[in-house]
Every structure is written in C-alpha cells, then in structure tokens.
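One-letter residues, chain by chain:
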Amino acid sequence: MRKLIYMMSVSVDGFMEGPDRELDWHLVDDELHRHFNEEISRMGAFLDGRVTYELMAGFWPTADSDPSSTAPMVEFAGIWRNMPKIVFSRTLGRADWKATVLREVVPEEIIALKAQPGGDLLLGGADLAASFMRHDLIDEYRIYVHPVVIGKGNPMFQPSDVKINLRLAETRTFGNGVVLLRYERP
C-alpha cells in the first residue's frame, strides 16, 4: 500500500511560511534541492490545497526555460509538470498540468487511492494536512527544519484535538544547516 507523506519545510519556531505567505527564508541550496528532487521523483502524485497548487502552478511549468534557474530547479520543473496532481478546493473550477480537482477530503476515497499501485502520495499545505490528520490518513511526516526564526506566519500544524504518536525513522543534516526529521506512524 502506498504511504501518504506530509513533507514540509518549517522554521525553527514552527512556521511553514511568513505572515504574507513569504518563503524567502527557505534555505534551499543545490544540495537540498537535489535531495528534494530525488525524493519527489519517486512519488506517485501530489495532493495539494488550492493555495499550494496555485503557488506551484505560477512558477514551475516554465521554470526550466528561465536562464537564471539552477540545474536542480530545471530538473524539478520537469518532475512537477509530469507528476499527477490532486487539488482539493471548493472554489477552483479547473486545474492544468495533469491535475484533478476534488472538492472534499473523503477518507474512503483517500484510502482507495493509497491502495492503488504506484509511488507514495505527497501531501502539501498546512490546512489540507490538518484535514488529513483529523481523518488519520497521514503515514509519514518529513519535516525539514530551517535554521531560522521568523517570529510569525502560518504554522505547519494547525491547532487540533488530535494526538498522533510518531516514531523517529531518520534524521539528516544538510550542509546549509537544514535538518530532516522523518517520522513514521508506529
């Protein structure tokens, strides 16, 4: 069965983006980006909320034609375009780039999706992840802690009454100081 993986970069103080959705504090150098590409290229689909999808669709479809893009960025542009995407949105009418729009998180549909053959499923976006957490659908958490305190913004984890026990499966420190904490469900 495929795993559903919540993968997110986060500041030391727990924010995935700044108060105005800024991501300029992310320390994604070539080493970290190559790691992301390696991990993501094995996935079977992206599962994103509307905001995350629109952010990605606003840049990655043509990033490989930008002369300022690094080699890892060029590689990721191809990965992103070719990867199937499921966008959860009540307002988005349609989505391009191999994307399907779903209106709601229906646990039975997600369980059926996980049972299909193929690579693991990559979940993006704090609000969408909160919904998946409420339904106990996330199998693994990959948290990339960036060595920066941003003070305020959108937290990686929304307030919740859900308690989830996890087991540390891997740690890795990158040259730029980012630390991967990979947790699995016991």
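It should be noted that the structure appears before, not after, this text.
Predicted, not measured: the structure shown is a model, and the values here were computed from it. (Residues numbered from 1 in each chain as written. Predicted model: local features only at pLDDT ≥ 70, side-chain atom pairs only at ≥ 80, totals over all residues. Heavy atoms only, no water.)

Q: Sorry, what's going on with the packing of helix 1 (residues 30-41) against helix 3 (residues 71-82) here?
A: Helix packing for two helices is described by the angle between their axes and how far apart those axes are. Their axes nearest at 9 Å, the elements helix 1 and helix 3 cross at an angle of 20 degrees. When the axes of helix 1 and helix 3 are compared, the pair comes out roughly parallel. Crossing of helix 1 against helix 3: the hand is left-handed. Where helix 1 abuts helix 3, its residues Asp30, His33, Arg34, Asn37, Ile40 and Ser41 lie against Pro72, Met73, Glu75, Phe76 and Ile79. For the contact of helix 1 with helix 3, a count of residues per class yields five nonpolar, three polar and three charged. (Axes fitted to C-alpha atoms, helices over the stretch in contact; angles between N-to-C directions. Helix = DSSP H or I, 4+ residues; strand = E, 2+ residues; numbered from the N terminus. Parallel < 35°, antiparallel > 145°, perpendicular 65-115°, else oblique. Left-handed = near helix turned anticlockwise from the far one by under 90°. Contact = heavy atoms within 4.5 Å. Nonpolar A, V, L, I, M, F, W, Y, C, P; charged D, E, K, R; others polar.)

Q: Looking at this structure, how should I read helix 4 (residues 107-115)?
A: Helical geometry: 3.6 residues make up each α-helical turn, so side chains three or four residues apart lie on a common side. Those residues of helix 4 not exposed but buried are Pro107, Ile110, Leu113 and Lys114. Taken down its axis, helix 4 places every buried residue within 120 degrees of arc, on the same side. In helix 4, the exposed residues that point more than 90 degrees away from the buried face are Glu108 and Ala115. Packed against the buried residues of helix 4 are strand 1 (4-11), strand 3 (45-49), strand 4 (85-88), strand 6 (121-124) and helix 5 (126-134). (Buried < 20%, exposed > 50% of the residue type's maximum accessible area, 1.4 Å probe, protein only. Arc of directions from axis to C-beta.)

Q: Quick question: what am I supposed to make of the sheet that holds strand 5 (residues 99-102) here?
A: Hydrogen bonds between backbone atoms are what pair the strands of a sheet, whose relative direction is either parallel or antiparallel. Strands sit in the order 5-4-3-6-1-7-10-9 across an open sheet of eight strands; the sheet is mixed. Strand pairing shows two members of the sheet lacking a second neighbour, strand 5 and strand 9 (167-173), which therefore form its edges. Averaged over neighbouring strand pairs, the angle between their axes works out to 20 degrees when direction is ignored. Pairing analysis gives three bridges linking strand 1 to strand 6, with the strands arranged parallel. By the bridge assignment, Ile5 is partnered in strand 6 with Leu122. (Pairing = 2+ DSSP bridges.)

Q: Is there a simple way to explain the pattern of salt bridges in this structure?
A: It is possible for side chains bearing opposite charge to pair when their charged atoms get close. What the rule picks out here adds up to 17 salt bridges. Ionic pairing is found between Glu104 and Arg90, a salt bridge with its closest N-O pair at 2.9 Å. Highlighted residues: Glu104 in the loop between strand 5 and helix 4 and Arg90 in the loop between strand 4 and strand 5, separated in sequence by 14 residues. Residue classification places Glu104 among the partly exposed residues on the basis of a relative accessible area of 39%. (Salt bridge = Lys/Arg side-chain N within 4 Å of Asp/Glu carboxyl O.)

Q: Can you walk me through the nonpolar core in this structure?
A: Inside soluble globular proteins, nonpolar side chains tend to come together where they are buried. Core analysis: the biggest nonpolar cluster contains 26 residues, and Ile40, Trp60 and Tyr144 have the highest contact counts within it. Counting residues per element, the ones that place at least two in this core are strand 1, helix 1, helix 2 (50-57) and helix 3. Sort the elements by how many residues they give to this core and helix 3 lands first, with five residues. Sequence-distant contacts of Ile40, defined by excluding residues within four places in its chain, comprise Met7, Phe46, Phe76, Ile79, Met83 and Leu122. (Core = buried A, V, L, I, M, F, W, Y, C linked by side-chain atoms within 4.5 Å.)

Q: Honestly, the packing of aromatic side chains in this entry has me stumped. Any pointers?
A: Both the distance between ring centres and the angle between the ring planes are used here to describe each pair of aromatic rings. Enumeration over the complete set of coordinates arrives at nine aromatic pairs. An angle of 85 degrees between the planes, with centres 6.0 Å apart, marks the rings of Tyr6 and Phe157 as edge-to-face. Of this pair, Tyr6 sits in strand 1 while Phe157 is found in the loop between strand 8 (154-155) and strand 9, placing the two residues 151 residues apart along the sequence. On the basis of relative accessibility, which here comes to 0%, the residue Tyr6 falls in the buried class. Each ring, one from Tyr141 and one from Phe157, has its centre 6.1 Å from the other, and the planes form 45 degrees; the classification is tilted. (Phe/Tyr/Trp six-rings, centres within 6.5 Å; stacked < 30°, edge-to-face > 60°.)

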